[in-house]
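For reference, the chains in residue letters:
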Amino acid sequence: MKETLLTDFVEPVPFIKKATKATSTTDIESLVATLGVTPEQDYAFDEEKPERGWHSGKFHWVPVGRERGNAGRIKHANYPVNPIAERTINGMEALIELARQREMARNNSTPAPKSPREAIDRYFGIPALDVLPKLDNSTQSKGIRAKARDLARQLRLRLVFDKTLREFTVIIEDDGVGQPPALIHKTLLSLGSTTKADKLYLIGVFGQGGSSAYAVSKYSWLVSRRAPDLLGGETDGAGWTVIKHIFPRGRRDDYFAYLACHPDGRVPFVSKVDADKAGLAHGTRFVHAGYDFGRGGSAITRQLYQSMNHVLYNPLLPFELYVGPTSAVVYGNGYRLSSLPSRGNLPLFDKAFPELHGGTRGRS
Ligand SMILES: Nc1ncnc2c1ncn2[C@@H]1O[C@H](COP(=O)(O)OP(=O)(O)OP(=O)(O)O)[C@@H](O)[C@H]1O
Ligand SMILES: [Mg+2]
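This section reports on the structure supplied with the text. Computed from a predicted structure; not experimentally measured. (Residues numbered from 1 in each chain as written. Chains lettered and ligands numbered in written order. Predicted model: local features only at pLDDT ≥ 70, side-chain atom pairs only at ≥ 80, totals over all residues. Heavy atoms only, no water.)

## Notes on the overall build of the protein
Assigned secondary structure in the protein consists of ten helices and ten strands. Relative to a compact globule of 364 residues, whose C-alpha radius of gyration would be 21 Å, the protein shows 21 Å and is just as compact. Dimensions of the protein, computed from C-alpha atoms along their principal axes, come out at roughly 65 × 55 × 35 Å. Burial statistics for the protein: of 364 residues in total, 52% are counted as buried. Within the protein, counting contacts between residues at least 6 apart in sequence, those at least 24 apart form 70% of the total. (Helix = DSSP H or I, 4+ residues; strand = E, 2+ residues; numbered from the N terminus. Rg over C-alpha atoms; globule rule 2.2 N^0.38 Å. Buried < 20%, exposed > 50% of the residue type's maximum accessible area, 1.4 Å probe, protein only. Contact = heavy atoms within 4.5 Å.)

This is the structure:
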């Protein structure tokens, strides 16, 4: 069966430009409405025969992991910030993997780093982040600190609040290795399978960490493009899809599904030429719209910085955090604790972020 093409419904460049700017649930709904999509109640995914009932020329909702009973595994995160930490760690790993794959392309007999820290040292030349504040004031140390600050630009976490819909959206973007369109369903959208198990220099191992974010979002979407020098025979281009929670009519077994362009599970994509025209570089972006922070709601705008520093105590790489118009670099509490004495007890734990919606109470 032929895959369904975005070009059957829309002009690809304006569409992907618009799609990569969608930050609210209504933005996402109106994008999906421009495509030919078989309603979820008209297609029952069958793992053995996914092509059964597939309407040629339409996009279809296919279960994440191509596993109809995926809800239990996706709903496993205890606290709403945990999925954000999972995605952020995936982003760090994507940056390490980009460097490792490029090293292998130069000489594929180079032994792999034996730990994530060794990888960071080898590829980025920075020590564990809690060591940074302890470095002296030499030009060399200043250079290392500047390098760390600069690296943070390659991984960005954003918290956006939509005033009209009164909903939060969490965006995680990395400039890492990315995934080719034809492999996104087997990697970014897989469940219980990982590309990392034999890589001692990465962290992930269960193949499900990132997916926990779907459970706390009304809609998610992703876009990913593999670094063009590391395609390994795959076709260049950018893959894009939307993920949502489906409650089948008259049944109790809800599940999470994404838009697929083919019964084998592949996602919609734009060509290399169109990805270039739309200005999509390599890396991955996940947008989780209508994010449910649970009790406390709007307090997250003040607390996300503290929470991320807490959950990622001594992260491998620093990253940028944007909350509305305010930004900061997250280095982890290990770094912040090392900083205190040398900075004369400045109130480092009180980085101020504004309320994103005029100080009213949260939704909970
Ligand atoms: N930012 C990213 N860039 C490129 N590939 C990614 C990215 N995030 C996830 N992946 C791919 O998706 C797969 C699933 O990610 P996920 O976080 O669910 O599992 P994992 O990282 O392998 O293991 P764990 O469950 O321990 O986090 C990864 O193995 C990797 O192949
Ligand atoms: Mg992971």
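## Re the pairing of strand β6 (residues 255-260)
Of all the six residues making up β6, six are buried; the element is thus mostly covered by neighbouring parts of the structure. The two faces of β6 match: Y255, A257 and L259 on one face and F256, Y258 and A260 on the other face are all buried. Note that strand β1 (residues 60-63) and β6 share four bridges and pair antiparallel. Looking at the pairing, W61 lines up with L259 of β6. When strand β5 (residues 237-246) meets β6, the two strands line up antiparallel, connected through four bridges. The residue of β6 that forms the bridge with K244 is A257. (Pairing = 2+ DSSP bridges.)

## Here's the deal with the site of ligand 1
In the vicinity of ligand 1, 18 residues are found, and the nearest of them are N90, T194, T195, K196 and G209. T194 has a polar side-chain atom sitting 2.5 Å from an oxygen atom of ligand 1. G207 is positioned with one of its backbone polar atoms (N or O) 2.9 Å from an oxygen atom of ligand 1. Calculation on ligand 1 without its partners gives an accessible area of 590 Å², and the protein chains cover 93% of this total. The site holding ligand 1 turns out to be the largest pocket. (Near = heavy atom within 4 Å. Polar contact = N/O pair within 3.5 Å; in protein donor to acceptor, adjacent residues only side chain to side chain. Areas by Shrake-Rupley, 256 points an atom, 1.4 Å probe, with all protein chains shown as cover. 1 Å grid on protein atoms, 1.4 Å probe; cavity = no way out; pocket = protein on both sides within 12 Å on 5 of 7 lines; lining within 4 Å. Sits in = over half its atoms within 2 Å of the grid points.)

## Here's the deal with the packing of helix α4 (residues 81-106) against helix α5 (residues 116-124)
Axis separation between α4 and α5 bottoms out at 10 Å; the angle between their running directions is 65°. Along this stretch, α4 crosses α5, giving a crossing that reads as left-handed. Residues L95, I96, A99, R100 and E103 of α4 touch α5, and the partners they reach there are A119, I120, R122, Y123 and F124. When the residues that make up the contact of α4 with α5 are grouped by side-chain class, the tally is seven nonpolar, no polar and three charged. (Axes fitted to C-alpha atoms, helices over the stretch in contact; angles between N-to-C directions. Left-handed = near helix turned anticlockwise from the far one by under 90°. Nonpolar A, V, L, I, M, F, W, Y, C, P; charged D, E, K, R; others polar.)

## A few points about α5
Those residues of α5 that fall on the buried side of the exposure criterion are P116, A119, I120, Y123 and F124. Projected down its long axis, α5 carries its buried residues within an arc of 100°, all on one side. On its buried side, α5 packs onto α4 and α6 (139-151). Following α5 by one or two positions, G125 has its phi on the positive side, about 65°. (Arc of directions from axis to C-beta.)

## Some points on the packing of aromatic side chains
One pass over the full model with this rule turns up seven aromatic pairs. Between F15 and W240 the ring centres are 5.1 Å apart and the planes differ by 90°, which places this aromatic pair in the edge-to-face class. Taken together, the residues F15 in helix α1 (residues 12-19) and W240 in strand β5 connect sequence positions 225 residues apart. Comparing F15 with W240, the two get one shared label, buried. Taken together, the ring pairs connect F161, F168, Y291 and F293 into an aromatic cluster. Directly above the ring of F286 sits R87, whose terminal nitrogen or CZ lies 3.5 Å from the centroid. (Phe/Tyr/Trp six-rings, centres within 6.5 Å; stacked < 30°, edge-to-face > 60°. Lys NZ or Arg CZ within 6 Å of the ring centre and 35° of its normal.)

## A few points about the nonpolar core
Formed by 46 residues in total, the largest nonpolar core has its most connected members in I96, F124, I126, L157, L159, L304 and M308. Residue assignment for this core shows that the elements contributing at least two residues are α4, α5, α6, β2 (155-162), β3 (167-174), α9 (300-311), β9 (319-323) and β10 (326-330). Considering every element that reaches this core, the biggest residue donor is α4, with seven residues. Filtering out sequence-adjacent residues up to four positions away, L304 remains in contact with V81, I84, L157, L159 and L321. Listed in part, the 32 residues of the second largest apolar core include V13, F15, A22 and V223. (Core = buried A, V, L, I, M, F, W, Y, C linked by side-chain atoms within 4.5 Å.)

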